[in-house]
Amino acid sequence: MIGGVSILSLDSKGRLAIPAKHRETLLSSFGHKLIVTLESSDHLLLYPEANWRPVEARLLALPTGNPALKRYQRLVLGHAETLDMDSSGRVLLPARLRELSSLDKDVALVGMGNRFELWNAAEWDKQTSDALAIDPADLADHLGDFTL
């Protein structure tokens, strides 16, 4: 499982150094290939290659007659790129994806179970504040019997 939040800095070339705690898990369980893609304008998705393949298959299976779904397929699949983790545990994030998701120097790498999300650190702090401000009663209406 991929979890935790790490605040990191991209280097001058746009490389992300995967933290050691994740790097060891990724290399031993998934290998050195990661897939990065765009899902929205505020963050990137970063999947171990093995975890990406089922997602890719589900996206390819979406009905193509729906214009909104077709645009979503193009967004996610069209921007998907394979990254190779180097011997230092770094991946080079494509400049265009960094630009489209407003990633500058400081980023938040957020573990989401089967993938990472990569956020601008300031935007991640805002997302965290917004989540902490959710009224528990409103959340309970959506979660039903689910508890942690």
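Conventions used here
Residues numbered from 1 in each chain as written. Predicted model: local features only at pLDDT ≥ 70, side-chain atom pairs only at ≥ 80, totals over all residues. Heavy atoms only, no water. Helix = DSSP H or I, 4+ residues; strand = E, 2+ residues; numbered from the N terminus. Pairing = 2+ DSSP bridges. Axes fitted to C-alpha atoms, helices over the stretch in contact; angles between N-to-C directions. Contact = heavy atoms within 4.5 Å. Buried < 20%, exposed > 50% of the residue type's maximum accessible area, 1.4 Å probe, protein only. Phe/Tyr/Trp six-rings, centres within 6.5 Å; stacked < 30°, edge-to-face > 60°. Parallel < 35°, antiparallel > 145°, perpendicular 65-115°, else oblique. Left-handed = near helix turned anticlockwise from the far one by under 90°. Nonpolar A, V, L, I, M, F, W, Y, C, P; charged D, E, K, R; others polar. Polar contact = N/O pair within 3.5 Å; in protein donor to acceptor, adjacent residues only side chain to side chain. Salt bridge = Lys/Arg side-chain N within 4 Å of Asp/Glu carboxyl O.

Among the secondary structure elements, Val36 is positioned in strand 3 (residues 33-40). When the C-alpha positions of Val36 and Val76 are compared, they lie 9.4 Å apart, and in sequence the two are 40 residues distant.

Here six strands make up an open sheet; going across it, the order is 1-7-8-4-3-5 and the pairing antiparallel. Sheet topology places strand 1 (5-9) and strand 5 (81-84) at the edges, where each strand pairs with a single neighbour. Taken pair by pair, the neighbouring strands of this sheet meet at an average axis angle of 30 degrees, ignoring direction. Pairing analysis gives five bridges linking strand 1 to strand 7 (residues 106-111), with the strands arranged antiparallel. Across the sheet, Ser6 pairs through a bridge with Leu109, a residue of strand 7. This element, helix 5 (residues 121-132), spans strand 1, strand 7 and strand 8 (116-120) of the sheet and lies at about 105 degrees to strand 8.

Here Thr37 lies in strand 3. Relative accessible area serves as the criterion here: at 0%, Thr37 is assigned to the buried category. For Thr37 and Glu117, which are 80 residues apart along the polypeptide, the C-alpha to C-alpha distance reads 9.8 Å. Setting aside anything within four residues of it in sequence, one finds Thr37 in contact with Leu44, Leu45, Trp52, Leu75, Val76, His79 and Ala80.

Once that is clear, we can look at the packing of aromatic side chains. Inspection of the entire model under this criterion finds two aromatic pairs. Arranged with centres 5.8 Å apart and planes meeting at 55 degrees, the rings of Trp119 and Trp124 form a pair that is tilted. The same class applies to Trp119 and to Trp124, which are both buried.

What follows covers the packing of helix 2 (residues 49-60) against helix 3 (residues 67-78). At a closest axis distance of 10 Å, the pairing of helix 2 and helix 3 adopts a crossing angle of 155 degrees. When the interaxial angle is binned, helix 2 and helix 3 end up roughly antiparallel. For the crossing formed where helix 2 meets helix 3, the hand is left-handed. Residues Trp52, Glu56, Leu59 and Leu60 of helix 2 form the contact with helix 3, whose participating residues are Tyr72, Gln73, Val76 and Leu77. Residue composition of the contact of helix 2 with helix 3, grouped by class: six nonpolar, one polar and one charged.

If you trace the backbone, Ser101 turns up in the loop between helix 4 (95-100) and strand 7. Of the residues examined, Ser101 reaches a relative accessible area of 1% and is grouped as buried. Side-chain polar atoms of Ser101 contact the backbone oxygen of Leu97, separated by 2.7 Å. When sequence neighbours within four positions are dropped, the list of residues in contact with Ser101 reads Leu38, Ser41, Asp42, His43 and Leu44.

Attention shifts here to the pattern of salt bridges. Counting across every chain of the model gives eight salt bridges. Arg90 serves as the salt-bridge partner of Asp86, at 2.9 Å between the closest nitrogen and oxygen. The exposure class of Arg90 is partly exposed, given its relative accessible area of 25%. Glu99 is the partner of Arg96 in a salt bridge, and the nearest nitrogen-oxygen pair spans 2.8 Å. Highlighted residues: Arg96 and Glu99, both in helix 4, separated by three residues, approximately one helical turn. Residue classification places Glu99 among the exposed positions, given a relative accessible area of 53%. Where salt bridges share partners, they join Glu49, Arg53 and Glu56 into one cluster.

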